[in-house]
Amino acid sequence: MKIARFSRIGFILAAAGSAVGLGNIWKFPYIAGENGGGAFVLIYLFTVMFIGFSIMIAEMLIGYLGRRDGVSSFETLAPSNKSLWKYGGFMGMAGLLIMTFYSVVIGWIFHYIFLALSALPASVSEAEVLFTGMLKDDISSQLIFHTIAFLLITTVLTRGIKGGIEKLNIILMPLLFVIVGGMFIYATTLDAFSQAWNFMFAPDWSKLNSDSFVTAVGHAFFTLSLGMGAILTYSASLPKKSNLVTSSLIVVALDTGIALLAGLMLFTFLYEYGAEPSAGPGLVFISLPAVFYEMGVLGNFFAVIFFLALAFAGLTSAVSLVEPMVQYGIERFKMSRLSASVAMGLFFYLIGIIALLSNTSAYSEALTFGGKNFFDWIDFITASIMLPLGGLIMSIFVGYIIEKERVESVLKPHLGFLFPIWYFSLRYVAPVALFIVMLNLMGILSL
Ligand code: TRP
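In this report, the structure presented in the accompanying data block is examined. This structure is a prediction, so every number in the text was calculated from the model and none was measured.

### Topic: the site of the ligand
Then comes step 1: Around the ligand, 16 residues are found, and the nearest of them are Ala 19, Gly 23, Tyr 102, Phe 222 and Ser 225.
Then comes step 2: Within the backbone of Ser 18, a nitrogen or oxygen atom sits 3.2 Å from a nitrogen atom of the ligand.
Then comes step 3: Between the ligand and Ser 225 there is a distance of 3.0 Å, counted from a nitrogen atom to a side-chain nitrogen or oxygen.
Then comes step 4: Computed on the free molecule, the ligand has an accessible area of 360 Å², of which 100% lies beneath the protein chains in the complex.
Then comes step 5: Spatially, the ligand is embedded in the largest cavity.
Then comes step 6: If you list the elements that add at least two residues to the shell around the ligand, you get helix H1 (8–19), helix H2 (22–34), helix H11 (212–223) and helix H15 (297–333).

What follows is the structure in structure tokens.
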């Protein structure tokens, strides 16, 4: 089966589109806030460079050499025990599971674009009532917007790599850069910018708690889209003779850049209007709308373009979460792209409805087990178990299983004298770090 190939810029934008997502604009600022800022940001930057970057190159390499869906690529590349290694590719399931709640959150964002167009909440407490009201009691609007997200994402997927995914990213990613860049430049003109800068970059080591390292590694992974075969599947469509090292570097730099710009901008706005940087997950849906209200008409405008940018970031990541399973259906089950896209789309859409309902007052009790509701369980199982496990498998596969000469022949020309450092990090640093993170997140080991 021949897969259509990305153009060079199309691949970079699609991989960056996958990486830059809700993780960068919604999650990074609030976990940086919760972990006290500067020192946490430094640890995060460190893990992105030394662990994330190494595994990004490894995951790209598997797709680039394997040239097929995740399962088949593992199978093709394993020198022996093929029938065992092919299970490495099943991590693609994690993408569909993540999509069940990712699509619901994209739905909230659509809802907030409409809110921003009409009226913003006048205070943080009003904003809180609004958000929890939507989350707990407004099943129909959540359903409508979840359905719109499902339809959009599935339609793009039915059009394939070139006409769907590449096109979506070529249109939305530049818009996203312009919006975040523009709002950032405005933020630099405000007095509170230096306060935000200090918060993000002046390390106060006393603020760090023992979990911060683990949170930083886990997030570095999620934000770079590693561990489930999204980058792998895109890389199977790379043009021949691509430079995986430069591509990884650009994707990592764009992803980190957007997270830092978004963080600085949000904290500037929050400080300028007296809100707290440590507001938690509600930062973007609760504190920020109230801050936009304070800004008057400009705030309304900012709110609309901000939630649009968030929607763009979410949609470009969403297609990458589903595509590995679509590709799998096409190659292994000889499904047409249309039926594979619809089948995988329906899977996340229908299970997503259960996730959505599990947050509501009416159904939360029936959908809560062991102290977590269905929505939180899926988040936990994917982010804490499946992604680090997928990353661990990939680092072992490229570090120990694929012949070193083969790895070297692709990467040595681009990595040069850095090759041994990368190989060492992939064989020793990354697996150990991931193993610790997994144990810790699963609650087996408490650092
Ligand atoms: N990286 C995206 C974000 O930051 C989410 C994402 C997209 C993802 N594809 C992925 C996470 C694959 C893990 C694996 O929001």
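Next comes the rest of the account.
### Quick look at the pattern of salt bridges
Then comes step 1: Inspection of every chain in the model, using the stated rule, returns five salt bridges.
Then comes step 2: Across the pair Glu 323 and Arg 337 runs a salt bridge, and its minimum N-O distance is 2.9 Å. One end of the pair, Glu 323, is in helix H15; the other, Arg 337, is in helix H16 (residues 337–357), with 14 residues separating them in the sequence.

### Looking at empty space enclosed by the protein
Then comes step 1: What the rule picks out here adds up to two cavities of 30 Å³ or more.
Then comes step 2: Of the pockets and cavities examined, the largest cavity occupies roughly 150 Å³.
Then comes step 3: Around the largest cavity sit 18 residues that line it, and Ser 18, Tyr 102, Phe 222, Ser 225 and Leu 321 are the ones nearest its centre.
Then comes step 4: Considered class by class, the residues forming the lining of the largest cavity number ten nonpolar, eight polar and no charged.
Then comes step 5: In this structure, the second largest cavity spans a volume of roughly 90 Å³.
Then comes step 6: Every residue lining the second largest cavity is counted, 16 residues in all, and those nearest its centre are Gly 70, Val 71, Gly 89, Gly 92 and Met 228.
Then comes step 7: Taken together, the elements giving at least two residues each to the lining of the second largest cavity come down to helix H4 (70–77), helix H12 (230–235) and H15.
Then comes step 8: Residues of the lining of the second largest cavity, tallied by class, amount to nine nonpolar, six polar and one charged.

### With respect to the environment of Asp 191
Then comes step 1: Mapped onto the secondary structure, Asp 191 falls in the loop between helix H9 (160–188) and helix H10 (193–201).
Then comes step 2: Among the residues examined, Asp 191 registers a relative accessible area of 69% and is labelled exposed.
Then comes step 3: Through-space distance from the C-alpha of Asp 191 to that of Glu 272 is 7.1 Å; in sequence the pair is 81 residues apart.

### So, the packing of aromatic side chains
Then comes step 1: Tallying each qualifying case throughout the model produces 39 aromatic pairs.
Then comes step 2: Note on Phe 6 and Tyr 234: the rings are 5.4 Å apart at their centroids and 75 degrees apart in plane angle, and the pair reads as edge-to-face. Of the two residues, Phe 6 is situated in the segment before H1 and Tyr 234 in helix H12; the sequence distance between them amounts to 228 residues.
Then comes step 3: Among the residues examined, Phe 6 registers a relative accessible area of 3% and is labelled buried.
Then comes step 4: Look at Tyr 234 and you get buried, because its relative accessible area is 0%.
Then comes step 5: With centroids separated by 5.8 Å and ring planes inclined at 85 degrees, the aromatic side chains of Trp 108 and Phe 285 adopt a geometry described as edge-to-face. Of the two residues, Trp 108 is situated in helix H6 (residues 92–117) and Phe 285 in the loop between helix H13 (244–272) and helix H14 (287–294); the sequence distance between them amounts to 177 residues.
Then comes step 6: We classify Trp 108 as buried; its relative accessible area is 7%.
Then comes step 7: Judged by its relative accessible area of 2%, Phe 285 is buried.
Then comes step 8: Geometry around Phe 380 places Lys 372 over its ring, the cationic atom sitting 4.7 Å from the centre.

### A word on the nonpolar core
In summary, soluble globular proteins display a tendency toward joint burial of nonpolar side chains.
Then comes step 1: One finds Ile 153, Phe 269, Phe 292, Phe 306, Leu 411 and Trp 422 to be the most contacted residues of the largest nonpolar core, which totals 164 residues.
Then comes step 2: For this core, the element with the most residues is H15, which contributes 20 residues.
Then comes step 3: In contact with Ile 153, other than residues within four places in its own chain, are Met 99, Ile 106, Leu 315, Ala 318, Val 319, Val 322 and Phe 348.

### Let's talk about the environment of Ile 12
Then comes step 1: Here Ile 12 is to be found in helix H1.
Then comes step 2: Along the chain, Ile 12 and Leu 254 lie 242 residues apart, while their C-alpha atoms are 9.8 Å from each other.
Then comes step 3: Residues within four places of Ile 12 in sequence aside, it is in contact with Ser 247, Ile 250 and Val 251.

### A look at H1
Every α-helix winds through 3.6 residues per turn, so residues three or four apart in the chain are directed the same way.
Then comes step 1: For H1, which comprises twelve residues, the first-to-last C-alpha distance of 17 Å matches the rise-based estimate of 16 Å (1.5 Å per residue) to within 8%.
Then comes step 2: With ten of its twelve residues buried, H1 lies for the most part within the structure.

### What to know about the layout of surface pockets
Then comes step 1: Considering only enclosed or pocket space, the largest pocket measures out at about 1,000 Å³ in volume.
Then comes step 2: Forming the boundary of the largest pocket are 36 residues, of which Trp 26, Lys 27, Tyr 30, Asp 379 and Ala 383 lie nearest the centre.
Then comes step 3: Elements supplying a minimum of two residues to the lining of the largest pocket: H2, H6, helix H7 (124–137), H11, strand S2 (372–373) and helix H17 (374–401).
Then comes step 4: Here the lining of the largest pocket gets eight residues from one element, more than from any other, and that element is H17.
Then comes step 5: Elements that contribute at least two residues to the lining of the second largest pocket include exactly helix H3 (38–66), H13, helix H18 (404–415) and helix H19 (419–441).
Then comes step 6: Sorting elements by how many residues they give to the lining of the second largest pocket places H3 first, with five residues.
Then comes step 7: Classifying every residue of the lining of the second largest pocket by side-chain character gives eleven nonpolar, three polar and no charged.

Cut-offs used in this document
- Residues numbered from 1 in each chain as written.
- Predicted model: local features only at pLDDT ≥ 70, side-chain atom pairs only at ≥ 80, totals over all residues.
- Heavy atoms only, no water.
- Near = heavy atom within 4 Å.
- Polar contact = N/O pair within 3.5 Å; in protein donor to acceptor, adjacent residues only side chain to side chain.
- Areas by Shrake-Rupley, 256 points an atom, 1.4 Å probe, with all protein chains shown as cover.
- 1 Å grid on protein atoms, 1.4 Å probe; cavity = no way out; pocket = protein on both sides within 12 Å on 5 of 7 lines; lining within 4 Å.
- Sits in = over half its atoms within 2 Å of the grid points.
- Helix = DSSP H or I, 4+ residues; strand = E, 2+ residues; numbered from the N terminus.
- Salt bridge = Lys/Arg side-chain N within 4 Å of Asp/Glu carboxyl O.
- Points joined across faces, edges and corners; volume = space filled by probe spheres on them.
- Nonpolar A, V, L, I, M, F, W, Y, C, P; charged D, E, K, R; others polar.
- Buried < 20%, exposed > 50% of the residue type's maximum accessible area, 1.4 Å probe, protein only.
- Phe/Tyr/Trp six-rings, centres within 6.5 Å; stacked < 30°, edge-to-face > 60°.
- Lys NZ or Arg CZ within 6 Å of the ring centre and 35° of its normal.
- Core = buried A, V, L, I, M, F, W, Y, C linked by side-chain atoms within 4.5 Å.
- Contact = heavy atoms within 4.5 Å.
- Expected span 1.5 Å × (residues − 1).

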